[in-house]
Amino acid sequence: MAQARVVELRLVTADGPRPAKPGATDRIVAAVVDAIVGHRLMPGTRLVEQKLADLFDVSRTIVRQALNQLSRDGLVVLESARGAFVASPSVREAREVFAVRIMLETAMVRALAHQIGAADIAALRDHLRAEQRAVSHDDVPQRTRLLADFHIVLARVLGNQVLVQQLQDLLNRSSLITLMYQTSLGASHSSDDHLRIVDALERRDARAAARLMERHLRQVERNLQLEPRGCDLAQALTPNPGKKS
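Residues numbered from 1 in each chain as written. Predicted model: local features only at pLDDT ≥ 70, side-chain atom pairs only at ≥ 80, totals over all residues. Heavy atoms only, no water.

Chemist: Describe the overall build of the protein chain, listing the residues and the values that go with them.
Modeler: The number of helices and strands found in the protein chain is ten helices and three strands. A burial count over the protein chain gives 42% of its 245 residues as buried. For the protein chain, contacts bridging at least 24 residues in sequence account for 76% of all contacts bridging at least 6. Entry remark: accessible area of the protein chain is about 13700 Å², with carbon and sulfur atoms responsible for 50%. (Helix = DSSP H or I, 4+ residues; strand = E, 2+ residues; numbered from the N terminus. Buried < 20%, exposed > 50% of the residue type's maximum accessible area, 1.4 Å probe, protein only. Contact = heavy atoms within 4.5 Å. Areas by Shrake-Rupley, 256 points an atom, 1.4 Å probe, with all protein chains shown as cover.)

Below you can see the structure in the form of structure tokens.
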């Protein structure tokens, strides 16, 4: 596991800490997920119960309920006698997440191509324009969110709420994976891929849309540093010949 770090989450409210309500657990879960997706919470970060309880003005029992839910979703690891930590996905899990995404999302766009309407295309193009603005302005948090949300927007257009939820869970886990393994955001390339997918959907070309989605996800996976780099001992221990001691 990555070295544990203690960070604080910010809860945006106009009136300061709020009393515990029936939705207090959901608020904590939503805040943690938002921080992970927004790349503010890194893998291995320790989530201290008392700090969360103070931040959200709730009991530690409520905090434990939220952490248990996040653990079931694969976003938090609970360790006996050590506490809760943001999950650190393994290479195997990373590959499995992308394999499932490819299966789901290629089928999704294939089905969508047969039923998408003009209003749906207009909504998708509005989203693409927002993506491109965030990319051009180098707004990392916003572009990260919008690039992920594109896939959720597709599922919502299809109208399958079960798929929306499953895809949201996978994208949350993908956020942790990219935090651990990405070598380059490739944001502009991803946005260009999204544009080509929407173009194929507008043509109602199901085969092209599925092919483009698969290529896009495989490229995102290739951009991750999932293969451990070997180390040549002799090379590692040999001083740089061009450097004078």
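Having seen the structure, we can now continue with the description.
Chemist: An account of the pairing of strand S2 (residues 76–79) is needed here, citing residue identities and associated values.
Modeler: Here four bridges tie S2 to strand S3 (residues 83–86), and the two strands are oriented antiparallel to one another. By the bridge assignment for S3, Val-77 is matched with Phe-85. Hairpin connection of S2 to S3: three residues between the antiparallel strands, including Ala-81 at a positive phi of 70°. (Pairing = 2+ DSSP bridges.)

Chemist: For a positive patch on the surface, give the residues involved together with the corresponding values.
Modeler: Where like charges cluster on the molecular surface, the positive patch consists of Arg-203, Arg-207, Arg-211 and Arg-215. Mapped onto the fold, Arg-211 is located in helix H9 (residues 206–222). (Patch = residues over 30% accessible without salt bridge, like charges linked within 9 Å, V, L, I, M, F, W, Y side chains within 5 Å. Salt bridge = Lys/Arg side-chain N within 4 Å of Asp/Glu carboxyl O. Lys, Arg positive; Asp, Glu negative; His and termini not counted. Charge placed at Lys NZ, Arg CZ, Asp CG, Glu CD.)

Chemist: Account for the pairing of S3, with residues named and values stated.
Modeler: Taken together, the two bridges between strand S1 (residues 46–47) and S3 define a ladder with antiparallel strand orientation. Within S3, the position partnered with Arg-46 by the bridge is Phe-85.

Chemist: Any chance you could break down the packing of helix H5 (residues 118–136) against helix H6 (residues 140–158) for me, citing the residues and the numbers?
Modeler: Across the interface, H5 lies against H6 with an axial gap of 9 Å and an inter-helix angle of 170°. Considering the angle they form, H5 stands roughly antiparallel to H6. Mapping the contact onto sequence places Asp-120, Leu-124, His-127, Leu-128, Ala-130, Glu-131, Ala-134 and Val-135 in H5 and Gln-142, Arg-143, Leu-146, Leu-147, Asp-149, Phe-150, Val-153, Leu-154 and Val-157 in H6. Residues belonging to the contact of H5 with H6 are distributed by class as follows: eleven nonpolar, two polar and four charged. (Axes fitted to C-alpha atoms, helices over the stretch in contact; angles between N-to-C directions. Parallel < 35°, antiparallel > 145°, perpendicular 65-115°, else oblique. Nonpolar A, V, L, I, M, F, W, Y, C, P; charged D, E, K, R; others polar.)

Chemist: Summarise H5; cite the residues concerned and give the values.
Modeler: The terminal C-alpha atoms of H5 lie 27 Å apart, and with 19 residues this matches the ideal 27 Å at 1.5 Å per residue to within 8%. Buried residues of H5: Ile-121, Leu-124, His-127, Leu-128, Glu-131, Ala-134 and Val-135, and no others. For H5, the angular spread of buried residues about the axis comes to 140°, placing them on one side. Seen from the buried face of H5, the exposed residues on the opposite side, beyond 90 degrees, are Ala-118, Ala-119 and Ser-136. Elements that come into contact with the buried residues of H5 comprise H6 and helix H8 (187–202). One or two positions beyond H5, positive phi appears at Asp-138, with a value near 55°. (Expected span 1.5 Å × (residues − 1). Arc of directions from axis to C-beta.)

Chemist: Lay out the nonpolar core with the relevant residues and their values.
Modeler: Most often, soluble globular proteins keep nonpolar side chains buried together rather than apart. Core analysis: the biggest nonpolar cluster contains 32 residues, and Met-108, Val-109, Leu-124, Leu-154 and Leu-201 have the highest contact counts within it. When residues of this core are assigned to their parent elements, the largest contribution, eight residues, is made by H6. Among all residues touching Leu-201, those that are not within four sequence positions of it are Val-109, Leu-112, Ala-113, Ile-116, Ile-121, Leu-124, Leu-154 and Ala-209. In this structure, Ala-24, Phe-56, Val-58 and Ala-87 belong to the second largest nonpolar core, which totals 26 residues. (Core = buried A, V, L, I, M, F, W, Y, C linked by side-chain atoms within 4.5 Å.)

Chemist: So what about unusual backbone geometry? Which residues, and what values?
Modeler: The phi dihedral of Asp-57 falls on the positive side, at around 55°, and the residue is not glycine. Of note, Asp-57 is situated in the loop between helix H2 (49–56) and helix H3 (60–72). For Asp-57, a relative accessible area of 38% puts it in the partly exposed group. At Arg-204, a residue that is not glycine, the phi angle is positive and equals roughly 60°. Here Arg-204 lies in the loop between H8 and H9.

Chemist: I'd like a rundown of the environment of Asp-205, residues and numbers included.
Modeler: Examined against the element boundaries, Asp-205 turns out to sit in the loop between H8 and H9. The spatial distance from the C-alpha of Asp-205 to the C-alpha of His-114 is 8.2 Å, given a sequence separation of 91 residues. With sequence-adjacent residues up to four places away left out, Asp-205 is seen in contact with Ala-113 and Ala-200.

Chemist: Before we move on, can you summarise the pattern of salt bridges with the specific residues and values?
Modeler: This structure, assessed with the given rule, holds 14 salt bridges. Residue Arg-173 pairs with Glu-93 through a salt bridge whose shortest N-O separation is 2.7 Å. Of this pair, Arg-173 sits in helix H7 (residues 161–181) while Glu-93 sits in helix H4 (residues 91–113), and the two are 80 residues apart along the sequence. Connected through shared salt-bridge partners, Asp-34, Arg-40 and Arg-145 make up one network.

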